[in-house]
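Read off the chains here:
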Amino acid sequence: MILEAAVRVIARSGVRGLRVEKIAAEAGISTSLIYYHFTNRAGLLRKTLEFVSDRAAAYTEEAAAGASEPRAELELLLFGEFQDTQVVRENSTAWGELRASAVFTPELREPLAESTRTWVSEVAEVIRRVHGAGVEAEDAAERLTSLVEGLSERWLSGSMDLDRARTLLRGAITLELDRVGT
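Residues numbered from 1 in each chain as written. Predicted model: local features only at pLDDT ≥ 70, side-chain atom pairs only at ≥ 80, totals over all residues. Heavy atoms only, no water.

(A) Just the overall build of the protein, in detail. Each helix and strand in the protein was counted, giving nine helices and zero strands. Written out in order from the N terminus, the α and β elements of the protein read α-α-α-α-α-α-α-α-α. Relative to the 2.2 N^0.38 estimate, which gives 16 Å for 182 residues, the radius of gyration of the protein is 17 Å and therefore close to what a compact globule would have. Over its C-alpha atoms, taken along the principal directions, the protein stretches across nearly 55 × 30 × 30 Å. Counting across all 182 residues of the protein, residues that qualify as buried make up 45%. In the protein, the proportion of contacts linking residues at least 24 apart, taken out of those at least 6 apart, comes to 63%. Surface summary for the protein: the accessible area is close to 9,200 Å², and the carbon and sulfur share equals 51%. Computed over 22 positive and 29 negative side-chain charges, the inter-centroid distance for the protein is 6 Å. (Helix = DSSP H or I, 4+ residues; strand = E, 2+ residues; numbered from the N terminus. Rg over C-alpha atoms; globule rule 2.2 N^0.38 Å. Buried < 20%, exposed > 50% of the residue type's maximum accessible area, 1.4 Å probe, protein only. Contact = heavy atoms within 4.5 Å. Areas by Shrake-Rupley, 256 points an atom, 1.4 Å probe, with all protein chains shown as cover. Lys, Arg positive; Asp, Glu negative; His and termini not counted. Charge placed at Lys NZ, Arg CZ, Asp CG, Glu CD.)

(B) How the structure looks around the side chain of S53. Relative to the assigned elements, S53 resides in helix α4 (residues 41-64). In contact with S53, other than residues within four places in its own chain, are W95 and S115.

(C) Representation of the packing of helix α1 (residues 2-13) against helix α2 (residues 20-27) within the structure. In contact at an axis separation of 8 Å, α1 and α2 are set at 120° when each is read in the N-to-C sense. Judged by the angle between their axes, α1 and α2 are oblique. Between α1 and α2 lies a crossing of right-handed hand. Residues I2, A5, A6, R8, V9, R12 and S13 of α1 lie in contact with α2, whose contacting residues are K22, I23, E26 and A27. In terms of residue class, the contact of α1 with α2 is made up of six nonpolar, one polar and four charged. (Axes fitted to C-alpha atoms, helices over the stretch in contact; angles between N-to-C directions. Parallel < 35°, antiparallel > 145°, perpendicular 65-115°, else oblique. Left-handed = near helix turned anticlockwise from the far one by under 90°. Nonpolar A, V, L, I, M, F, W, Y, C, P; charged D, E, K, R; others polar.)

This is the structure:
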């Protein structure tokens, strides 16, 4: 409940202006309960980052679960970040905010790097299932996940519509898989 409230507040107001009092009000609890569970603002932000990562993994894996073959699984896994739902919008906005804040908040850097490594590794594993073990799947996964993050920010900020983001991602997947396979 607290972490869901934190994501909503971050998605609406960003991290820089984040106050524990706002999260407490959003969750309908006292600030002392937040401090009890998370010790301080930095602890709350670290746990919120973990929550956002876990939630994204759940909805992207759910989106990819129905795939009949590895290429379709890869597409659904990446396109899971472009679902026009409140949860995905909030989650992606909070992720972008937390990532940007890591520039100024050193204690977020390692948890962010770990979440990113996990996502890249999962995507690389699917790419290996498309083309076999001898491919440069990690590099392709790094490029594709970076692109998803950038396209997501453009979509969420209103500088690109969702259809355009999906079209560009679809083209990048094709280019990457053609490059990896040769």
